[in-house]
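The chain contents come next:
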Amino acid sequence: MPLPFLTADRAFGAADGSDDVALPFDDHDQWRRPYRPGPWRVGTAALLLLLASFVLLAAMIIAFAGALPGAAVCLLIGVMVIATALRLLRMGTWVSRNGVRRVAFFSTTTLSWDRASALRTVQQPVRWLGLPRTVQGQALVVVHPNDEPLLLLTDHDADFLSRPEAFERATDTVEAWGDEYRRG
């Protein structure tokens, strides 16, 4: 049953959403993720937000019971869980006219398109869902002189696990951004 309203990722008149037409308010100067967050990332963040709601409810009950230091600790834990879920959703590869940005949980690396000499998809051992276990997979890396290649996307991370067509579409999109802005 198709729904009659439009979403931000669907162009007007596209029935299946496979048409990757830029929306009229698309601004290439702002940082944007060229793909949707994957189900593993969204599911984990949703579970963390559910846990945070229980912790905040416990903080409210403790505060009504009169133990304010315990309520403050629960409130702090709830806020930290919410911040963790939001940072988890923010992780990934972001592109703009200025360059490419790899947002990890604790760090962010930005590389301008001028410093990138090549973007390529390579076969290499990649981490499975960001855990220490490695498996053979594909990775999109940006090669820049003087430094080691910067890993942007893998087909076994939380955005693309069990979604090879989404990985191919995302790598094509990032490579297209690189081709467009490295030349000009």
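The following refers to the structure shown. (Residues numbered from 1 in each chain as written. Predicted model: local features only at pLDDT ≥ 70, side-chain atom pairs only at ≥ 80, totals over all residues. Heavy atoms only, no water.)

## Considering the layout of surface pockets
Rolled over the atoms, a probe with the dimensions of a water molecule shows which regions are left empty.
Inference 1: The computed volume of the second largest pocket comes to approximately 590 Å³.
Inference 2: What lines the second largest pocket is a set of 25 residues, and nearest its centre among them are Met91, Arg102, Leu129, Gly130 and Asp157.
Inference 3: When residues of the lining of the second largest pocket are traced back to their parent elements, those giving at least two are helix H1 (39-65), strand E2 (99-103), strand E4 (118-127) and strand E6 (150-154).
Inference 4: The dominant element in the lining of the second largest pocket, judged by the number of residues it contributes, is E6, at five residues.
Inference 5: Residues belonging to the lining of the second largest pocket are distributed by class as follows: 14 nonpolar, seven polar and four charged. (1 Å grid on protein atoms, 1.4 Å probe; cavity = no way out; pocket = protein on both sides within 12 Å on 5 of 7 lines; lining within 4 Å. Points joined across faces, edges and corners; volume = space filled by probe spheres on them. Helix = DSSP H or I, 4+ residues; strand = E, 2+ residues; numbered from the N terminus. Nonpolar A, V, L, I, M, F, W, Y, C, P; charged D, E, K, R; others polar.)

## Remarks on the sheet that holds strand E3 (residues 108-112)
Inference 1: Here three strands make up an open sheet; going across it, the order is E1-E2-E3 and the pairing antiparallel. The open sheet has two edge strands with one neighbour each: strand E1 (92-95) and E3. For this sheet, the mean angle separating the axes of adjacent strands, direction not counted, is 15°.
Inference 2: By the bridge criterion, five bridges tie E2 to E3 in an arrangement that is antiparallel. Bridging from a neighbouring strand, Val100 pairs with Leu111 of E3. (Pairing = 2+ DSSP bridges. Axes fitted to C-alpha atoms, helices over the stretch in contact; angles between N-to-C directions.)

## A word on H1
Inference 1: Its 27 residues place the ends of H1 39 Å apart at the C-alpha level, agreeing with the 39 Å of an ideal helix rising 1.5 Å per residue.
Inference 2: Buried residues of H1: Arg41, Ala45, Ala52, Val55 and Ala59, and no others.
Inference 3: Contacts from the buried residues of H1 go to helix H2 (68-90). (Expected span 1.5 Å × (residues − 1). Buried < 20%, exposed > 50% of the residue type's maximum accessible area, 1.4 Å probe, protein only. Contact = heavy atoms within 4.5 Å.)

## Thoughts on the side chain of Thr171
Inference 1: Among the structural elements, Thr171 can be located in helix H3 (residues 164-183).
Inference 2: Here Thr171 falls in the buried class, since its relative accessible area comes to 2%.
Inference 3: Discounting chain neighbours no more than four positions away, the residues touching Thr171 are Thr121, Leu140 and Leu153.

## Quick notes on the packing of aromatic side chains
Inference 1: For the structure on display, the rule yields four aromatic pairs.
Inference 2: Seen in terms of ring centroids, Phe160 and Phe167 are 5.6 Å apart; in terms of plane orientation they differ by 75°. Their pairing is edge-to-face. Both residues of the pair, Phe160 and Phe167, count as buried.
Inference 3: An aromatic cluster of three or more residues is present, and its members are Tyr35, Phe160 and Phe167.
Inference 4: One Lys or Arg, Arg90, reaches over the ring of Trp94 and ends 4.4 Å from the middle of that ring.
Inference 5: Against the face of Trp31 rests Arg101, its NZ or CZ located 4.0 Å from the ring centre. (Phe/Tyr/Trp six-rings, centres within 6.5 Å; stacked < 30°, edge-to-face > 60°. Lys NZ or Arg CZ within 6 Å of the ring centre and 35° of its normal.)

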